[in-house]
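Analysis of the macromolecular model
Take a look at the letters that make up each chain.
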Amino acid sequence: MRFHGVRIHASSFLALCAGAAVALPALAAQQPAAKPDAATAPAAAQQRQQHVRPIDAGAPLPTRYDMLRGAYGPYRANNDLLYYHLDIRVDPEKQWVSGKNTIRFKMLKDGTRIQIDLRDTLTIDKILFGTIALKYERDTGAVFIDFPETLRMGRVYSIDFYYSGHPEETGRFGGMTFKKDPSGRVWINTACEGTGASMWWPDKDQWKDEGESMDISVAVPNGLMDVSNGRFVGKTDLGDGYTRWDWHVSYGINNYDVSLNIGNYVHFGEEMAEPSGGKLAMDYYVLPEDLDKAKVQFAQARGMIEAYQHYFGEYPFIKDGYKLVEAPYSGMEHQSAVTYGNLFKNGYLGRDWTGAGINTRFDFIIIHESGHEWFGNSITAQDPSDMWIHEGWTTYLETLYVEYRWGHDDALKYLGGLKPKVTNMRPIVAERGVNAEPTQDMYFKGALMINTLRSVVNDDARWWALLHGFYQHFKYQNIMTEDVVAWWNLHTGMNLTPIFDQYLRHEHIPRIELLFGETPGMVMYKWDADEDGFAMPVKVGTAGKWEIIHPTTKWQWMQTALSKEDFQVATDLYYVEVNKQ
């Protein structure tokens, strides 16, 4: 999970600290915004200036590589990915990968060219169409493959893409790393969400199009084990000092979730009953010296599964099972093979990173990264620009876990701990089609927005039904923000578009303006928001005696017996600012 691979502009952040997928960023340096000359600036502009947060230098400009990787261009769009079989050999001594990926696809229109991606630091040995060697052109990370005959719409084709080389170690978690474990044994891992899967294997390196299934075969020196996604099929001694480990993925899988974990692992496991009556295999792979600690810490996984199933339904990858795999970095949500490096401690690396006094009750990596099995892996954004669908929802799932275990009051305290982490520097939804990831606000601001939506619905029985229905409707789909908004509009019967747009497409959160003193016993109120149609209900008054008002961006008024000091807004239920005058 990620705070993975997010590109952070140098002028935007001074430091990174702990976090979610993990390592969460620190708040940006609070540089004061430039102020207009008081003698010339209009009063309204001066008033608005108080609302402006520091603005960073903006998102990095996309490179040619970003544009080719991010665009769903004609040679991606002309075919539908059906299946991969990644069949490779990993040489730890040479730090070398070699082998092939069999790629099966269906043409959606007639054509003679398709696009597959492989970082240009790796060598293409050959690309075969049956026995025919295909010609190709490389352009940064894109590989444009040409066929000697027209591929016909509706027909299924397959190619074998052979490659080799030393994957460049890059990104927050290294992309693909050749390390040693604490005892000096081989330990090789992949984590490539931001950097892209094509940095270590050839694939359609985008989020929109997933295959229907996948096989992963990894040959490693005898005595080592590979743990990958899906269900373990078997291992084969190849007779040359290598053993091949075979895994089958029964579902679509986003490319950055495909994972290798090669090391001296030991295994233990359990089963738990699913609501459907089936059995979920829960398997754990750790270094031998960590076995006893893992048996204690990983006991949290069962309660996590129970909590998320309570809200959303059955674990989405029951055929493949659920795995926790020890790794030398904090963690990632690799589908059905969640990687774990949280030191077998509660909190994040033993710290209460939310500061609410709750995070140390549970293992943050187990709870957050596993939550991505529902949001990120089962429901996947079509483009990194809409990554809040992964991260905002999964951060909200953390609060649901807290509520399930310890109640609503503690969930609100946990949410309150997220507020100081929000920077409001850029909109959450980033530019599409250029491989642009949003700011870290997609985690915290996204979760706070969803909690605000719960308060707008203002009926918890209905809210739980809506949450369940939303997930069930979109599971195993790749969606965009517009799909989320349309569903919630339809199923609540409300026009929530201005609310979603305010939180996702603008820097600022809404601010409620409260004006006292015009007349005794009266308060005037309105929303200060970027969306003209913003009209979110909100609870005001005092705790335990809240009254719902319906502000718009135009002034209204109400009578109240409360003084300016005593008149409150339920800011633990809504993520808003309050300005009392």
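The notes below deal with the structure included here. All of these numbers come straight from a predicted model, not from anything done at the bench.

Our next topic: the pattern of salt bridges. Summed over the entire model, instances satisfying the criterion amount to 23 salt bridges. Taking the shortest distance from any N to any O, the salt bridge between R454 and E403 comes out at 2.9 Å. Residue R454 is located in helix α9 (residues 441-457), and its partner E403 is located in helix α7 (residues 388-406); the two are separated by 51 residues in the primary sequence. Residue R454 is classed as buried on the basis of its relative accessible area, which comes to 6%. E403 sits in the buried class, given a relative accessible area of 13%.

Look at α9 against helix α12 (residues 497-505): their axes get within 10 Å of each other, and the N-to-C directions meet at 165°. Taken together, the axes of α9 and α12 are roughly antiparallel relative to one another. In this structure, α9 meets α12 at a crossing whose hand is right-handed. Here K445, M449, T452, L453 and V456 of α9 lie close against α12, whose contacting residues are I499, F500, Y503 and L504. Its residues placed into classes, the contact of α9 with α12 shows seven nonpolar, one polar and one charged.

Moving on to the packing of aromatic side chains. Tallying each qualifying case throughout the model produces 51 aromatic pairs. Aromatic side chains W207 and Y256 sit 5.3 Å apart centroid to centroid with 50° between the ring planes, which places their arrangement in the tilted category. Highlighted residues: W207 in the loop between β10 (186-191) and β11 (213-221) and Y256 in the loop between β14 (242-249) and β15 (261-263), separated in sequence by 49 residues. Comparing W207 with Y256, the two get one shared label, buried. Positioned above the aromatic ring of Y242, the side-chain terminus of R89 is 4.3 Å from the ring centre. Lying across the ring of W406, R361 places its NZ or CZ 5.2 Å from the centre.

Bringing the sheet that holds strand β28 (residues 568-569) into the picture now. Read from one edge to the other, the open sheet built from three strands follows the order β26-β25-β28, with strand pairing classed as antiparallel. Because the sheet does not close on itself, it has two edges, and the strands there are β26 (547-549) and β28. Summarising the sheet, strand β25 (residues 538-541) and β28 pair through two bridges and their orientation is antiparallel. Paired with G541 across the strands is Q568, a residue of β28.

The next point concerns the nonpolar core. With 161 residues, the main nonpolar core has Y322, W388 and W488 as its most contacted residues. Top contributing element to this core by residue count: α9, with ten residues. The residues contacting W488, other than those within four sequence positions of it, are W393, L453, W463, L466, L467, F470, G493, L496 and F500.

Analysis parameters
- Residues numbered from 1 in each chain as written.
- Predicted model: local features only at pLDDT ≥ 70, side-chain atom pairs only at ≥ 80, totals over all residues.
- Heavy atoms only, no water.
- Salt bridge = Lys/Arg side-chain N within 4 Å of Asp/Glu carboxyl O.
- Helix = DSSP H or I, 4+ residues; strand = E, 2+ residues; numbered from the N terminus.
- Buried < 20%, exposed > 50% of the residue type's maximum accessible area, 1.4 Å probe, protein only.
- Axes fitted to C-alpha atoms, helices over the stretch in contact; angles between N-to-C directions.
- Parallel < 35°, antiparallel > 145°, perpendicular 65-115°, else oblique.
- Left-handed = near helix turned anticlockwise from the far one by under 90°.
- Contact = heavy atoms within 4.5 Å.
- Nonpolar A, V, L, I, M, F, W, Y, C, P; charged D, E, K, R; others polar.
- Phe/Tyr/Trp six-rings, centres within 6.5 Å; stacked < 30°, edge-to-face > 60°.
- Lys NZ or Arg CZ within 6 Å of the ring centre and 35° of its normal.
- Pairing = 2+ DSSP bridges.
- Core = buried A, V, L, I, M, F, W, Y, C linked by side-chain atoms within 4.5 Å.

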